[in-house]
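# Coordinate analysis (summary)
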Amino acid sequence: MASDFPRVVITGCGVVSALGFDRATLFERLLAGESAIRVMPEWELPGATGELLAAPLELPHEKILSLDRKLRRSMAPVAIYATLATRDAIAESGLSDEELTNGTTGCAIGSTLGSPSAIHETMRLFHDSGLENMPAQQFFKSVSHTAAFNVANVFGLTGALLAPCSACASGLQAIGVAYDEIRLGRQTVMLAGGTDEATPEVAGTFEQLFALAHPATGQNAAEAIRPFDVNRSGLAVGEGAAVLVLEERVHALRRGARILAEICGYATNASGRQTSQSDAEAIERCLTAALREASLQPANIHYISAHATGTRQGDAAEAAALTRIFGNAVPVSSLKAQLGHTMGASGALELAVTLEMARRNTLLPTANLAAPDEACAGLDLLQAPRHSALRYFVKDCFAFGGINAVLIGEMPSAVEL
Amino acid sequence: MTREEIIQHVNAVFVDQFEIEETRLVPDAQLFTDLGLDSLDIVDLLVELHKSIGVALRNNEEIRNVRTLGDVYDFLEKYAREHPEEIHSAGK
């Protein structure tokens, strides 16, 4: 890198997903073509135009009970997912309790809007029965920074506590702001990532805009989400969390931590004109800014983990921006056909899978991509796993409100390992 | 509502909500020191008792004086005697 800022590396990464609770399992199930998308007969959404789909995760009860009751009281699912992912990330990094609690470590954990299930329950209780039936910590389960403060309390963090809530860019923005905290010398370590819940209310926000996919006649749920495909019809919401340990590079090297990757560029911007639609020009500017910060050319990038949710407009806008910068020279895929759109978690979760792709020299394809849409066909779209060494990679996320975020990572060289 | 029924309802809250083994639920047990509750748990105890037996205790001064599990039983037994119309036993 050309700057004098401290370098920032990733030394741990935990995941909680619908296809597994560790990176290796998640990667292997994705590689095997498994899908977490299923029909949700238990969801009610009056006015929906078809059968509802989602990619829910089922957390084993013992995992929930592994968290102390008093800490768990303030946790909705969104915080439980984040806490479990953080615990695994810390274990992988080998950070000590002293390092976690001495003020040099902070956290930045984003979610779309806090816990949608807890917000719904809080409002229901207020309106139905007032305070008599309101648990003491109901409010704390709901708030926009619930995942971040719960993580801080569980692990005794006393550094910065940040919680970007920028819809589907939240997780990647959290990693970006954590990267900045370390580059600016404010923190040595940041626990950073995203978490989110799939609920009918959240699905409803997409359905209202006709962005939710419904299975066509005779189509399995697992075939319904088709990023970049000519027959794509929308997304399905998913849930989960991923949290990374970001660390100042010299600190990591001195303590002998294993470096999973380095973050070498990040950018976030606004379209300044869109609420619900992706904006190709703004995405292009964001990609360009991230490449500039990383001092890289488009030709240096070996893989792009796309945002592509499976909507008609969003995938086309992303493809247009990627094509203008990268042409067909860089392999591109989206994991949302199998994991659904995990929204505030997606940036971190898909980055976690990318780390695993790089470790195994195997790029995962976009499932259900049978016939690339003409609007997306200018890219090198992965339709099958590809064996390929991967050094530099891009992860991008776009969100309601016209927000874009792009992160560029580099796998450590053999010398550093 | 009998004292036995009150004990059943209260103990169910301590087992389900506070995850305390039933064998530890003896009348002499101090809520904070022996059973590990804190002030937030007391708010939740009132919420659960409201759901369980219908008593609305948020504005009751006397409930704030309980120290032991036996105090909770005694308070509710007296309360049920004095306010029988408020008590129900919908259970959970």
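Note that the coordinates shown come from a computational prediction; the quantities given were computed from them, not determined experimentally.

Criteria and thresholds
Residues numbered from 1 in each chain as written. Chains lettered and ligands numbered in written order. Predicted model: local features only at pLDDT ≥ 70, side-chain atom pairs only at ≥ 80, totals over all residues. Helix = DSSP H or I, 4+ residues; strand = E, 2+ residues; numbered from the N terminus. Rg over C-alpha atoms; globule rule 2.2 N^0.38 Å. Buried ≥ 20, exposed ≤ 12 C-beta atoms within 10 Å, placed from the backbone. Contact = placed C-beta atoms within 7 Å. Axes fitted to C-alpha atoms, helices over the stretch in contact; angles between N-to-C directions. Parallel < 35°, antiparallel > 145°, perpendicular 65-115°, else oblique. Left-handed = near helix turned anticlockwise from the far one by under 90°. Nonpolar A, V, L, I, M, F, W, Y, C, P; charged D, E, K, R; others polar. Domains from an automatic or database assignment. Pairing = 2+ DSSP bridges. Expected span 1.5 Å × (residues − 1). Arc of directions from axis to C-beta. Core = buried A, V, L, I, M, F, W, Y, C linked by C-beta atoms within 7 Å.

## Details of the overall build of chain A
A tally of helices and strands in chain A yields 15 helices and 16 strands. Relative to the compact-globule value of 22 Å for 417 residues, chain A shows a C-alpha radius of gyration of 20 Å, a close match. Counting only residues that meet the buried cut, chain A has 56% of its 417 residues in that class. Of the contacts made within chain A by residues no fewer than 6 positions apart, 82% connect residues no fewer than 24 positions apart.

## Re the packing of helix α12 (residues 280-293) of chain A against helix α13 (residues 312-326) of chain A
Two numbers describe a pair of packed helices, the interaxial angle and the distance between the axes. All names here are of chain A. Where α12 contacts α13, the two axes come as close as 8 Å, and the packing angle between them is 45°. The angle between the axes of α12 and α13 places the two elements in the oblique class. Like other packed secondary-structure pairs, α12 and α13 cross with a definite hand, here right-handed. Across from A280, I283, E284, L287 and T288 in α12, the residues of α13 making contact are A317, E318, A320, A321, R324 and I325. Residues of the contact of α12 with α13, tallied by class, amount to 7 nonpolar, 1 polar and 3 charged.

## Quick word on the domain arrangement of chain A
Residue and element names in this part refer to chain A. Considered domain by domain, chain A is made up of domain 1 (8-254) and domain 2 (264-410). Computed over C-alpha atoms only, the centres of domain 1 and domain 2 are separated by 20 Å. Across the boundary between the two partners, domain 1 contributes 60 residues, which contact 53 residues of domain 2. When contributions to the side of domain 1 that touches domain 2 are tallied by element, the ones reaching two or more residues are β1 (8-17), α1 (23-31), β3 (53-55), α9 (170-183), β6 (189-196), β7 (237-238) and β8 (240-248). Examining the composition of the side of domain 1 that touches domain 2, we find that 7 residues originate from one element, α9, more than from any other. Tallied by class, residues from the side of domain 1 that touches domain 2 come to 34 nonpolar, 18 polar and 8 charged.

## Section: the sheet that holds β1(A)
Strand pairs in the sheet, formed through backbone hydrogen bonds, run parallel or antiparallel to each other. Residue and element names in this part refer to chain A. Across the sheet, which stays open at both edges, the 11 strands sit in the order β5-β4-β6-β8-β1-β9-β16-β15-β10-β11-β13 with mixed pairing between neighbours. Every interior strand has two partners, whereas the edge strands, β5 (161-162) and β13 (380-381), have only one. Pairing of β6 with β8, which is carried by 8 bridges, proceeds in the antiparallel orientation. For G193, the partnering residue across the bridge sits in β8 and is V243. Against the sheet, helix α4 (residues 77-93) makes contact with β1, β4 (105-110), β6 and β8, and its axis sits at roughly 135° relative to β1, the strand it touches most. Across the sheet, helix α15 (residues 346-360) lies against β1, β6, β8, β9 (261-270), β10 (303-305), β15 (392-399) and β16 (403-410), angled at about 165° from β15, the strand it touches most.

## Brief notes about helix α3 (residues 69-82) of chain B
Residues and elements named next belong to chain B. Helix length check: α3, at 14 residues, gives a terminal C-alpha distance of 20 Å against a target of 20 Å (1.5 Å per residue), a fit within 8%. Considered for burial, the residues of α3 that qualify are L69, V72, F75, L76 and Y79. Here the buried residues of α3 occupy an arc of 120° about the axis, which is enough to place them on one side. Within α3, the exposed residues directed more than 90 degrees away from the buried face are K78, R81 and E82.

## Topic: the sheet that holds β3(A)
Residue and element names in this part refer to chain A. The strand order across the open sheet formed by 3 strands is β2-β3-β7, and the pairing between neighbours is mixed. With partners counted over all chains shown, the strands left at the sheet margins are β2 (38-39) and β7, one partner each. Across 2 bridges, the pairing between β3 and β7 is parallel. The residue of β7 that forms the bridge with A55 is G238.

## A word on the nonpolar core
A:I109, A:A192, A:A242, A:V243 and A:L246 are the most contacted members of the largest nonpolar core, which totals 139 residues. With 9 residues, α4(A) is the largest single contributor of residues to this core. Counting the residues that make up this core, at least three belong to each of domain 1 (8-254) and domain 2 (264-410) of chain A. Ignoring sequence-local partners within four residues, the contact set of A:I109 consists of A:A82, A:A147, A:A148, A:V151, A:A163, A:A174, A:A192, A:G193, A:G194, A:T195 and A:V243. Counting 18 residues, the second largest nonpolar core, distinct from the first, contains B:V10, B:I20, B:L37 and B:L69.

## A look at unusual backbone geometry
All names here are of chain A. Backbone geometry places F228, a non-glycine residue, at a positive phi of 70°. Looking at where F228 falls in the secondary structure, it is placed in the loop between α10 (200-207) and β7. The phi dihedral of M343 is positive, around 50°, even though this residue is not glycine. Structurally, M343 can be placed in the loop between α14 (336-339) and α15. Classification of M343 by C-beta neighbours within 10 Å gives buried; the count is 34.

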